[in-house]
Amino acid sequence: MMLDRPTALLAVLVVEAALGYPARLPHPVNAVGQVITGLDRRWNRGNHRCLSGVLVVLLLISAGAGVGLVIEHFATGWTGTIAIILIATTGLAQRSLHDHVAAVVRSLMEGDLDQARTAVSLIVGRDTAALDASGITAAATETLAESFCDGVVAPAIWFLAFGLPGLFTFKCISTADSMIGHLDNRYRDFGWASARTDDVMNWIPARVAGVLICVAGRGGWRVMLRDAPKHLSPNSGWPESAMAGALGVQLGGGAAYDGEWIERAALGEGERPVPRDLRRALSIYRRACLGLWIITGALIWLR
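K.L.:
Break down helix H5 (residues 94-109) for me, with residues and values.
P.N.:
Over its 16 residues, H5 extends 22 Å from the first C-alpha to the last, a length consistent with the 22 Å expected when each residue adds 1.5 Å. Those residues of H5 that sit buried are Gln 94, Leu 97, His 98, Val 101, Ala 102, Val 104, Val 105, Ser 107 and Leu 108. Residues of H5 that are buried sit in contact with helix H1 (5-19), helix H6 (113-121), helix H7 (133-180) and helix H11 (275-302). Following H5 by one or two positions, Gly 111 has its phi on the positive side, about 80 degrees.

And the structure:
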């Protein structure tokens with residue numbers, strides 16, 4: 001690759017924000033999901049589920065890093081550099097996350113709760129059928145903040161550190177965590193290794209994301225530092241509590257997942273969010289993404 005990584009990353013961020021991913025094309029993550037589904041079906045059984053889960057992680061790391069190394073090896077010259085930039089855009093979700101949340105905002109502002117539930121169900125893991133306007137708003141706001149970490153900041157950091165091998169490895173582990181890294185009876189043992197590996201890979205990005213949200217939202221520091229450790233996840237609490245503090249609302253609290261009620265700590269203080277708060281959150285998200293661009297530009301300048 002002819003460009004240094006900070007310059008390549010800035011190009012990836014700008015191109016992905018401008019173009020997004022073509023809706024008609026299957027996303028590469030779908031292929032990773034199919035592999036994980038197959039492994040789940042074959043290996044998530046018997047008395048050695050923890051060991052099987054570790055093997056899943058090792059296989060995904062090997063596959064992600066291996067594919068990335070092969071692409072970088074053969075992608076030479078300016079043509080190869082452009083190819084790497086375009087391929088790397090598939091690992092980020094600035095545009096798609098913004099567009100999905102914007103669709104929820106539109107439905108809420110129009111008072112169409114059925115459409116809002118449908119829109120938010122595309123980006124959250126919780127049950128949405130019984131959510132009212134405030135519940136839809138809270139779900140979308142929490143996902144916007146959390147996904148800013150694992151869909152934007154984390155893949156950007158792993159690409160910056162290790163190029164395509166780092167980006168692909170992170171996406172493989174993140175996909176596994178979302179599919180099998182749960183605490184229910186089926187995945188508590190089999191998905192443990194995926195969940196813990198994802199925690200490690202998101203540890204620094206989550207805190208960077210929280211700081212960017214506080215800067216973009218001009219506040220939220222106190223709430224972030226106070227409430228982030230309350231979250232069930234060692235990482236998700238940082239961007240979520242930062243967003244709660246920046247908005248001056250209360251997020252978190254219990255929610256139903258696949259019919260099972262999960263108790264969660266409240267994040268932030270004040271009233272529960274209303275639809276206009278989600279519009280404000282989307283504005284903070286855009287500024288936080290811009291902040292990531294500025295940091296990347298500063299790295300280029302420092303070089």
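There's more to say after this.
K.L.:
Could you give an account of helix H3 (residues 49-74), naming the residues involved and the relevant values?
P.N.:
An α-helical turn contains 3.6 residues, so any two residues separated by three or four positions project in the same direction. Under the 1.5 Å per step criterion, the end-to-end length of H3 is 38 Å for 26 residues, consistent within 8% with the ideal 38 Å. All buried positions along H3 are accounted for by Ser 52, Gly 53, Val 56, Val 57, Leu 60, Gly 64 and Gly 68. Those residues of H3 hidden inside the fold are in contact with helix H2 (28-43), H7 and helix H8 (192-217).

K.L.:
Pulling in residues and values, what's your account of the state of the cysteines?
P.N.:
Taken as a whole, this structure holds zero disulfides when the rule is applied. Cysteine Cys 149 is unpaired, with the sulfur of Cys 289 as its nearest cysteine sulfur at 12 Å. With relative accessibility at 4%, the residue Cys 149 sits in the buried group. Here Cys 172 is not cross-linked by a disulfide; its sulfur's nearest cysteine counterpart is in Cys 149, at 17 Å.

K.L.:
Give a detailed account of the nonpolar core, specifying residues and quantitative values.
P.N.:
Membership of the largest hydrophobic core comes to 60 residues, with the highest contact counts inside it found for Phe 148 and Phe 159. If you list the elements that add at least two residues to this core, you get H1, helix H4 (77-89), H5, H6, H7, H8, helix H10 (237-247) and H11. Ranked by residues supplied to this core, first place goes to H7 with 15 residues. Those residues in contact with Phe 148 that sit more than four places away from it in its chain are Leu 97, Thr 143, Val 153, Ala 209, Leu 212, Ile 213, Tyr 285, Ala 288 and Cys 289. In terms of nonpolar packing, the next biggest core, distinct from the first, is built from 16 residues, Leu 60, Cys 172, Ile 180 and Phe 190 among them.

K.L.:
Which residues make up the packing of aromatic side chains, and what values do they have?
P.N.:
Tallied over the full model, the rule gives two aromatic pairs. Judged by centre distance (5.8 Å) and plane angle (85 degrees), the rings of Phe 148 and Tyr 285 are edge-to-face. One end of the pair, Phe 148, is in helix H7; the other, Tyr 285, is in helix H11, and 137 residues separate them in sequence. For Tyr 285, a relative accessible area of 3% corresponds to the buried category. Centroid distance Trp 158 to Phe 162: 5.7 Å. Interplanar angle 25 degrees. Geometry classified as stacked. Note that Trp 158 and Phe 162 are positioned in helix H7 at a spacing of four residues, about one turn of the helix. Take Trp 158: its relative accessible area is 21%, and that puts it in the partly exposed class. For Arg 207, the ring lying beneath its charged end belongs to Trp 203, and the centroid distance is 3.9 Å.

Conventions we followed
Residues numbered from 1 in each chain as written. Predicted model: local features only at pLDDT ≥ 70, side-chain atom pairs only at ≥ 80, totals over all residues. Heavy atoms only, no water. Helix = DSSP H or I, 4+ residues; strand = E, 2+ residues; numbered from the N terminus. Expected span 1.5 Å × (residues − 1). Buried < 20%, exposed > 50% of the residue type's maximum accessible area, 1.4 Å probe, protein only. Contact = heavy atoms within 4.5 Å. Disulfide = S-S within 2.5 Å. Core = buried A, V, L, I, M, F, W, Y, C linked by side-chain atoms within 4.5 Å. Phe/Tyr/Trp six-rings, centres within 6.5 Å; stacked < 30°, edge-to-face > 60°. Lys NZ or Arg CZ within 6 Å of the ring centre and 35° of its normal.

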